[in-house]
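Here's the letter readout for the chains.
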Amino acid sequence: MSGERTPYIVVEQVCKSFGTHQVLRDVSTVFRTGEVTVIIGASGSGKSTLLRAINRLEPHDSGRITIGGVEVTDDIATLQRQRSEVGMVFQQFNLFGHLTVLDNVTLAPRRIHRTPRAQANDAAMALLTRVGMQAHAHKYPWQLSGGQQQRVAIARALAMAPKVMLFDEPTSALDPEMVQEVLDVMRELARGGMTMIVVTHEMGFAREVADRVMFFDQGCISHDAPPQEFFQQPANDRIRAFLGRMS
Ligand code: ADP
Ligand code: MG
C-alpha cells in the first residue's frame, strides 16, 4: 500500500496568491511512486494551480516542492530535466496544429532528448499503438475527434518517458461518447504502474482506479482518503454536497 512506496513529489506548505486572492493555502502532501491520486473539488478551489506549480507553469509564492528530492525552482537546466520527468495532459489537448500526429509525438524527444528521427518514429508508433491511434499517425489534429486528439496528447506526453503523469480534467472538453476511450487509456496506464495525479470529475474513474482521493476546498486539501472510505463516508458536509452535485 501507499505507506511502503517511495515519496516522489513532496509539497510542503505551498502558498500561492493571484493579487489579493489566495489560491493555495499552506498545501502539504506527498505523491508516491506508483500511486494514482485523483483530485476533486469545486471549480476555482486551486486544483489546476497545484498541478501547474508542480512543473512551474505557475511559480508558488512560498513553501517547497521537490521532485525526486530536487527542489522545483527557476533554475533552467534543472527545470528542463524535471519537466521531462513530469508529463502533463490538459483539458484542451494543445496539439500542434501544423504537425502530424506522428510529429506531435516525436517533436520533444527529437528536440530535447536529441533522439534520431527513425528511433523517435519507432517509439512514437509504439506509443500510438498503445493509445489505439497507430492508424492515424499521418493525420493532422483537425482531422481527429476530441477523444482521438486527447489520446495523441497522452502519447505525446509519454514520449518523454515521464516518471509521473499529471492530468488536468482530461475529459472535461470531450463529447460524452468520447470520455470512455480516454479513461480507458488512463486506466491502462495506471495498471502499468504509472504514477499519476488526475484532476477529474469522473467519479467512476476515481472509485475504480485511484489509490487515494483528495478533496480541494478553497485552496486547502480538506480531505485525503482511499476511494472506498472517501465515497462511503464523506468526511464533511462540503464533500457530501459536492458529491451530490456530481451524481
Ligand atoms: P480549479 O482548477 O480548482 O478550478 P484554479 O487553480 O484554476 O482552480 O484557480 C483557482 C483560482 O485562482 C480561481 O479563482 C482562478 O480564477 C484563479 N486563477 C487561476 N489562475 C489565475 C491567473 N493566472 N491569474 C489570476 N487568477 C487566477
Ligand atoms: Mg482547473
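Residues numbered from 1 in each chain as written. Chains lettered and ligands numbered in written order. Predicted model: local features only at pLDDT ≥ 70, side-chain atom pairs only at ≥ 80, totals over all residues. Heavy atoms only, no water.

Moving on: the packing of aromatic side chains. With the rule as written, the count across this model stands at two aromatic pairs. Ring centres 5.3 Å apart and planes at 65° place the aromatic pair Phe215 and Phe242 in the edge-to-face group. Of this pair, Phe215 sits in strand E9 (residues 212-217) while Phe242 sits in helix H9 (residues 237-246); the two residues are 27 residues apart in sequence, bridging distant segments of the chain. The residues Phe215 and Phe242 share a single accessibility class, namely buried. A ring pair is formed by Phe230 and Phe231, whose centres lie 5.3 Å apart and whose planes are at 70°; its orientation type is edge-to-face. Residue Phe230 is classed as buried on the basis of its relative accessible area of 1%. One cation-aromatic arrangement involves Arg156 over Phe96; the distance from NZ or CZ to the ring centre is 4.9 Å. (Phe/Tyr/Trp six-rings, centres within 6.5 Å; stacked < 30°, edge-to-face > 60°. Helix = DSSP H or I, 4+ residues; strand = E, 2+ residues; numbered from the N terminus. Buried < 20%, exposed > 50% of the residue type's maximum accessible area, 1.4 Å probe, protein only. Lys NZ or Arg CZ within 6 Å of the ring centre and 35° of its normal.)

Spatial strand order, E6-E7-E8-E3-E9-E10: six strands in an open sheet with mixed pairing. Among the strands making up the open sheet, the edge pair consists of strand E6 (86-89) and strand E10 (220-225). Neighbouring strand axes in the sheet, compared pairwise and without regard to direction, differ in orientation by 20° on average. As judged from the five bridges shared by strand E7 (residues 164-168) and strand E8 (residues 195-199), these two strands associate in the parallel manner. Looking at the pairing, Asp168 lines up with Val199 of E8. Against the sheet, helix H5 (residues 146-158) engages E6 and E7, with an angle of about 170° to E6. (Pairing = 2+ DSSP bridges. Axes fitted to C-alpha atoms, helices over the stretch in contact; angles between N-to-C directions. Contact = heavy atoms within 4.5 Å.)

Let us now look at the UniProt feature "domain: ABC transporter" (unreviewed entry) in the chain. Mapped onto this numbering, the UniProt entry gives "domain: ABC transporter" (unreviewed entry) at residues 9-243. Secondary structure across residues 9-243 comprises 38% helix and 26% strand; the distance between its end C-alpha atoms is 27 Å. (UniProt positions renumbered as here; feature names shortened; annotations may be inferred.)

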